[in-house]
Amino acid sequence: ALRIDRGARKRSRKYRLTVDLAFSEVMQGCVEQHGESWLWPPVRKIFTSMFQEQHNAMRRAADLDDTGKPLADAEIHSIELWAESGELVA
């Protein structure tokens, strides 16, 4: 079992975790923090294309397997951490 101490639990109440709500903003934040060489523009373009196609495929029933997942060899996601103020912080 994963144990999280009381202080960490208390601090975590100030944040909200989401998935796939701010893909472009997460990539831009990575570039701002680490630089262009860390997430090269052609790679960002490919990631964005993959993300958009993946979410478009989720809307087309013909592109889904029996469990409702997209028929794709790879998936790409963003995980966002938001402050109480609504600011994307990670």
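To start, this report covers the structure provided alongside it. (Residues numbered from 1 in each chain as written. Predicted model: local features only at pLDDT ≥ 70, side-chain atom pairs only at ≥ 80, totals over all residues. Heavy atoms only, no water.)

### A closer look at unusual backbone geometry
Both trends apply: most residues other than glycine have a negative phi, and most peptide bonds are in trans.
Stage number 1. Positive phi is not limited to glycine here, since Asp20 has a value of about 65°.
Stage number 2. Note that Asp20 resides in the loop between β1 (15-19) and α2 (23-34).
Stage number 3. A relative accessible area of 17% means that Asp20 is categorised as buried. (Helix = DSSP H or I, 4+ residues; strand = E, 2+ residues; numbered from the N terminus. Buried < 20%, exposed > 50% of the residue type's maximum accessible area, 1.4 Å probe, protein only.)

### Regarding a nonpolar patch on the surface
Stage number 1. Residues Leu17, Val19 and Ile79 make up a contiguous nonpolar surface patch of roughly 320 Å² in combined accessible area.
Stage number 2. If you trace the backbone, Ile79 turns up in strand β2 (residues 79-83). (Patch = residues over 30% accessible without salt bridge, like charges linked within 9 Å, V, L, I, M, F, W, Y side chains within 5 Å. Areas by Shrake-Rupley, 256 points an atom, 1.4 Å probe, with all protein chains shown as cover. Salt bridge = Lys/Arg side-chain N within 4 Å of Asp/Glu carboxyl O.)

### A word on the pattern of salt bridges
Stage number 1. Under the criterion given, the structure shown has one salt bridge.
Stage number 2. The partner of Arg44 in a salt bridge is Glu36, and the shortest N-O contact between them spans 3.4 Å.

### Overview of the side chain of Thr18
Stage number 1. The residue Thr18 is located in strand β1 in this model.
Stage number 2. Thr18 gets classed as buried once you look at its relative accessible area, which sits at 7%.
Stage number 3. At a separation of 2.4 Å, a polar atom in the side chain of Thr18 contacts the side chain of Glu80.
Stage number 4. A distance of 2.7 Å separates polar atoms of two side chains, one belonging to Thr18 and the other to Trp82.
Stage number 5. With residues near it in sequence (within four places) discarded, Thr18 still touches Ser78, Ile79, Glu80 and Trp82. (Polar contact = N/O pair within 3.5 Å; in protein donor to acceptor, adjacent residues only side chain to side chain. Contact = heavy atoms within 4.5 Å.)

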